[in-house]
Amino acid sequence: GRIVSFTPDPDSISGCLPTEKHVRYCGSVLRVEPAPDFKGLPTCLATVVGRSGKQLTINVTEAYATLHDSWAEAERSK
């Protein structure tokens, strides 16, 4: 699947800017499922697997997810 970077802790974003504790992770999208709107914004749930093999399901809008063309590009977005 596509490569995505995301923030697992949306509270690390304030006014669309990262705080000191801001961390972004990268992974490959395994599955996408519909989800109810998040705060009035359309969204979906994505199951992502990282290079370590760990899987996580994220709300794409809430996690500030961004699609990338390569792992290198995603890792630069950290």
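Residues numbered from 1 in each chain as written. Predicted model: local features only at pLDDT ≥ 70, side-chain atom pairs only at ≥ 80, totals over all residues. Heavy atoms only, no water.

> Even after reading the chapter, I still don't get the pairing of strand β5 (residues 44–49), so can you show me in this structure?
Moving residue by residue along a regular strand, the side chains alternate between the two faces of the sheet. Bridge count between strand β4 (residues 25–34) and β5: six bridges; the pairing is antiparallel. Looking across to β5, one finds that Arg31 is bridged to Thr47. In the sheet, β5 pairs with strand β6 (residues 55–59) via five bridges, with the strands oriented antiparallel. Looking at the pairing, Ala46 lines up with Ile58 of β6. Adjacent in sequence and paired antiparallel, β5 and β6 are bridged by five residues, among which Gly53 carries a positive phi angle near 100°. (Pairing = 2+ DSSP bridges. Helix = DSSP H or I, 4+ residues; strand = E, 2+ residues; numbered from the N terminus.)

> Looking at this structure, how should I read the pattern of salt bridges?
Side-chain pairs of opposite charge can arise where the charged atoms are in close proximity. Applying the stated criterion across every chain yields a total of three salt bridges. The salt bridge partner of Asp69 is Arg2, with a shortest N-O separation of 3.7 Å. Here Asp69, found in the loop between β7 (66–68) and α1 (71–76), pairs with Arg2, found in the segment before β1 (3–6); they are 67 residues apart in sequence, far enough to count as distant. Here Glu33 makes a salt bridge to Arg31, at a shortest N to O gap of 3.0 Å. (Salt bridge = Lys/Arg side-chain N within 4 Å of Asp/Glu carboxyl O.)

> In this structure, what is going on with the layout of surface pockets? I would like to understand it.
The gaps of empty space that remain are located by a probe, the size of a water molecule, rolled over the atoms. Quantified by volume, the largest pocket comes out at close to 230 Å³. In terms of lining, the largest pocket is formed by 15 residues, of which the most central are Phe6, Tyr25, Cys26, Gly50 and Lys54. Of all elements in the fold, only β4, β5, β6 and α1 reach the threshold of two or more residues within the lining of the largest pocket. Class assignment of the residues belonging to the lining of the largest pocket gives a composition of eight nonpolar, three polar and four charged. (1 Å grid on protein atoms, 1.4 Å probe; cavity = no way out; pocket = protein on both sides within 12 Å on 5 of 7 lines; lining within 4 Å. Points joined across faces, edges and corners; volume = space filled by probe spheres on them. Nonpolar A, V, L, I, M, F, W, Y, C, P; charged D, E, K, R; others polar.)

> Explain the sheet that holds β4 here, please?
Pairing between sheet strands relies on hydrogen bonds along the backbone, with the strands arranged either parallel or antiparallel. Read across the sheet, five strands follow the order β6-β5-β4-β1-β7 without closing on themselves; strand pairing throughout is antiparallel. A strand with exactly one partner marks an edge of an open sheet, and here the two such strands are β6 and β7. Put simply, the sheet's adjacent strands are angled 45° from each other on average, direction ignored. (Axes fitted to C-alpha atoms, helices over the stretch in contact; angles between N-to-C directions.)

Just distances and angles here, no functional claims.
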